[in-house]
Amino acid sequence: SNIFDLEKKQIVHKIEAHALPARSNVFSPNGALLYTASDDRHVSVYDTRSGRVIQSFSHPGMALSVDASGDQRHFIVGCADHAVYQWDLGMQKCIGKYGDCHSDMVWGVRYLTS
């Protein structure tokens, strides 16, 4: 993954924290953070200004999809282990696992906005 500046028409940061391909990328609503979900079972959170990894979160299955909440604090991850995980970025911990209702890998997750 790369962070590309549309005005300058150039790559401003190369994102290379994952050992395997990234399946999903999403920016926080304010654009300050980039979340990447990867086959290496991690979601990495980057500062978009510096390009540095703020934190990496490990999952039991490949991380296939990711979405950031509007509150800038939470994010959700769909995984190959048939579960969805909700994380609190401030506490740096998983605050919910939802896996009883999925019979297959979770390829897409989205927060609903009001």
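What you see is a predicted model; the values in this text were computed from it and never measured.

1. Describing the overall build of the protein chain
Then step 1. When its secondary structure is counted, the protein chain shows zero helices and ten strands.
Then step 2. For the protein chain, the N- to C-terminal ordering of α and β elements is β-β-β-β-β-β-β-β-β-β.
Then step 3. By the compact-globule yardstick of 13 Å for 114 residues, the protein chain fits well, its C-alpha radius of gyration being 14 Å.
Then step 4. Referenced to the eigenvectors of the C-alpha coordinate spread, the extents of the protein chain come out at roughly 45 × 35 × 25 Å.
Then step 5. Here the contacts in the protein chain between residues at least 6 apart in sequence split such that 34% fall between residues at least 24 apart.
Then step 6. With the model as given, the accessible surface of the protein chain reaches about 6,800 Å², and the carbon-plus-sulfur share is 49%.
Then step 7. Within the protein chain, the 12 negative side-chain charges are centred at a point lying 5 Å from the centre of the 11 positive side-chain charges.

2. Here we look at the packing of aromatic side chains
Then step 1. All told, the structure shown has four aromatic pairs when counted by the stated rule.
Then step 2. A centroid spacing of 4.9 Å and a plane angle of 55° characterise the contact between F57 and W87, whose relative ring orientation is tilted. Of this pair, F57 sits in strand β6 (residues 53-58) while W87 is found in strand β9 (residues 84-88), placing the two residues 30 residues apart along the sequence.
Then step 3. Overall, the relative accessible area of 9% leaves W87 in the buried class.

Rules used throughout
- Residues numbered from 1 in each chain as written.
- Predicted model: local features only at pLDDT ≥ 70, side-chain atom pairs only at ≥ 80, totals over all residues.
- Heavy atoms only, no water.
- Helix = DSSP H or I, 4+ residues; strand = E, 2+ residues; numbered from the N terminus.
- Rg over C-alpha atoms; globule rule 2.2 N^0.38 Å.
- Contact = heavy atoms within 4.5 Å.
- Areas by Shrake-Rupley, 256 points an atom, 1.4 Å probe, with all protein chains shown as cover.
- Lys, Arg positive; Asp, Glu negative; His and termini not counted.
- Charge placed at Lys NZ, Arg CZ, Asp CG, Glu CD.
- Phe/Tyr/Trp six-rings, centres within 6.5 Å; stacked < 30°, edge-to-face > 60°.
- Buried < 20%, exposed > 50% of the residue type's maximum accessible area, 1.4 Å probe, protein only.

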